[in-house]
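These are the residues of each chain, in order.
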Amino acid sequence: MGEEVKQTDFSRAHRREYRRKVQLCLDVFETMLAQSSFEFERPLTGMEIECNLVDSDYQPAMSNQEVLASIADPAYQTELGAYNIEFNVPPRQLPGRAALELEAEVRASLNAAEAKANGNDAHIVMIGILPTLMPEHLSGRWMSESTRYQALNDSIFTARGEDILIDITGPERLSLQTESIAPESACTSMQLHLQVSPADFAKNWNAAQVLAGPQLALGANSPYFFGHQLWTETRIELFTQATDTRPDELKTQGVRPRVWFGERWITSIFDLFEENVRFFPSLLPELSDEDPVRELSEGRTPKLAELRLHNGTIYRWNRPVYDVVEGRPHLRVENRVLPAGPTVVDMMANAAFYYGMLRTLSEEDRPLWTKMSFAAAHHNFIEAAQNGMDARLYWPGLGEVTPDELVLRQLLPMADEGLRRWGVAGEVRDRYLGVIEGRAKTGRNGAAWQVSTVRALQERGMTRPDALAGMLRRYCDRMHTNKPVHTWDVATAE
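Residues numbered from 1 in each chain as written. Predicted model: local features only at pLDDT ≥ 70, side-chain atom pairs only at ≥ 80, totals over all residues. Heavy atoms only, no water.

Looking at an unreviewed UniProt entry, one finds the chain named Glutamate--cysteine ligase, with Mycolicibacterium moriokaense as its source organism. The annotation that UniProt attaches to the chain under Catalytic activity (unreviewed entry) is "L-cysteine + L-glutamate + ATP = gamma-L-glutamyl-L-cysteine + ADP + phosphate + H(+)". (UniProt positions renumbered as here; feature names shortened; annotations may be inferred.)

Here it is as structure tokens:
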């Protein structure tokens, strides 16, 4: 959920002091990059899974406080919507059979959480956007109890000075005004973390940006919002619009959105934090008591609280992270591209593909991003979000190709080689990259299965709302089998 804050109202003097502290933190961070010893010798990976809660009719269940109290596990936390929870998977290394052990642990934890949720008449669903969510669900008490969320909502609307327009094209265009950031709560994702050294950060971030388009094409799982079929991964555009602090005039002037792909390849993690400070006003200007200059000069590791809080309100699809654990600073690339679901094995396959590709791309003698423009990587990202496995993606040396051709011809061998370099066991590589291969060969990701199933149910005479609920019931049944989505049947005789 991000760092909690203590207040929702901030004076102008308070905001001025926060601006000064953020700049001070940035200066100290620059010094640390040149001088400090960052933790990276034994790089760890991490995963966060955002989930939805539904009732027995597969409608949103606004009961995360009760469910979390029943689960009683600090790994599970609130998210923006009262029908959302987040599962934070403990960090670990990649080599050997660690991924298979992680898959078993994640399944066991989620199954235990599901049993506790059932006691509150709720079910846990891993999906990019809950397809049964409708406008009426996001009125009244839709928001989790959190000062941070209320402050964020108030700050975004203070900056805009007007309601937010949600206008998303697709097979069934959706256009509506919203007076809160409630639609953002519909976007549930899977976040992947990789700890890296300062020297290696830029090439890993650039590689993650290159990979974002193929990632989305393979992993799309959000084709419906408010009953409309929109983008294959609607979550990308919905999240962008639902947190937009810019009225139309500022958009026209070229002011950057807070949900941002970026605009250039980088040479250092400092580039990203400097952009954050230069381009984006504060949304949650909460001050800490820390003097980062003194902390560093006295041999301690500064927490840089203001810089970290500011970074947490700029929603890059690949976000830089600075953190301190047991007194040692470290850096992470946080990949926020993928939706949650459909199954644990699908998410593990997405993770394996990502980490393998990142290792290979970042270690090439002539990196891929030197052969393609940043604009091409951004175009791939949007094209994949809109069209999924039907997208057309640009790739150096191949030109414009379909995702299946790109993955099968080029990327799978690269991902396998990257995992081999990580020391990942052959059986692990075969299991998870086999899932990616199956998805590429069938063209069936979560979004494709959802659309096919809804279409089949409507052809049997169901209304759209009933078809969405019927599809979600079937989705949940299959989710619990842990069989990858490309093997799911589109059952019309149930």
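There's plenty left to go through after this.
Attention shifts here to the environment of lysine 483. Residue placement: lysine 483 occurs in the segment after helix 16 (464-479). Remark: the alpha-carbon pair of lysine 483 and aspartate 346, spanning 137 residues in sequence, is separated by 8.1 Å. (Helix = DSSP H or I, 4+ residues; strand = E, 2+ residues; numbered from the N terminus.)

Below, the discussion takes up the packing of aromatic side chains. Under the defined criterion, the tally for this structure stands at 18 aromatic pairs. Arranged with centres 6.1 Å apart and planes meeting at 80 degrees, the rings of tryptophan 260 and phenylalanine 279 form a pair that is edge-to-face. With tryptophan 260 in strand 10 (residues 259-260) and phenylalanine 279 in helix 8 (residues 269-279), this residue pair connects regions lying 19 residues apart in the sequence. The same class applies to tryptophan 260 and to phenylalanine 279, which are both buried. Measuring from centroid to centroid gives 6.2 Å for tryptophan 449 and tyrosine 475, while their planes differ by 55 degrees, and the two rings are tilted. In this pair, tryptophan 449 sits in helix 15 (residues 446-459) while tyrosine 475 sits in helix 16, placing the two residues 26 residues apart along the sequence. Tyrosine 475 matches tryptophan 449 in its accessibility class, with the two residues each being buried. Taken together, Trp205, Phe239, Phe261, Trp265, Tyr315, Trp317, Phe374 and Phe381 form an aromatic cluster joined through their ring pairs. Above the face of the phenylalanine 279 ring, arginine 256 is positioned so that its terminal group lies 3.6 Å from the ring centre. (Phe/Tyr/Trp six-rings, centres within 6.5 Å; stacked < 30°, edge-to-face > 60°. Buried < 20%, exposed > 50% of the residue type's maximum accessible area, 1.4 Å probe, protein only. Lys NZ or Arg CZ within 6 Å of the ring centre and 35° of its normal.)

Let us now look at the pairing of strand 12 (residues 318-325). Among the 8 residues that make up strand 12, 7 are buried, leaving the element largely enclosed by the rest of the structure. Across 8 bridges, the pairing between strand 12 and strand 13 (residues 328-339) is antiparallel. Its bridge partner lying in strand 13, valine 325 is registered against arginine 328. Linking two consecutive strands that pair antiparallel, namely strand 12 and strand 13, is a turn of 2 residues; a positive phi of about 50 degrees is found at glutamate 326 within it. (Pairing = 2+ DSSP bridges.)

A few words on the packing of helix 15 against helix 16. Following both chains from N to C, one finds helix 15 and helix 16 inclined at 130 degrees, their axes separated by 9 Å at the closest point. With respect to each other, helix 15 and helix 16 are oriented oblique. Seen from above, helix 15 lies across helix 16 with right-handed handedness. Residues Trp449, Gln450, Thr453, Val454, Leu457 and Gln458 of helix 15 pack against Arg464, Ala467, Leu468, Gly470, Met471, Arg474, Tyr475 and Arg478 of helix 16. In terms of residue class, the contact of helix 15 with helix 16 is made up of 7 nonpolar, 4 polar and 3 charged. (Axes fitted to C-alpha atoms, helices over the stretch in contact; angles between N-to-C directions. Parallel < 35°, antiparallel > 145°, perpendicular 65-115°, else oblique. Left-handed = near helix turned anticlockwise from the far one by under 90°. Contact = heavy atoms within 4.5 Å. Nonpolar A, V, L, I, M, F, W, Y, C, P; charged D, E, K, R; others polar.)

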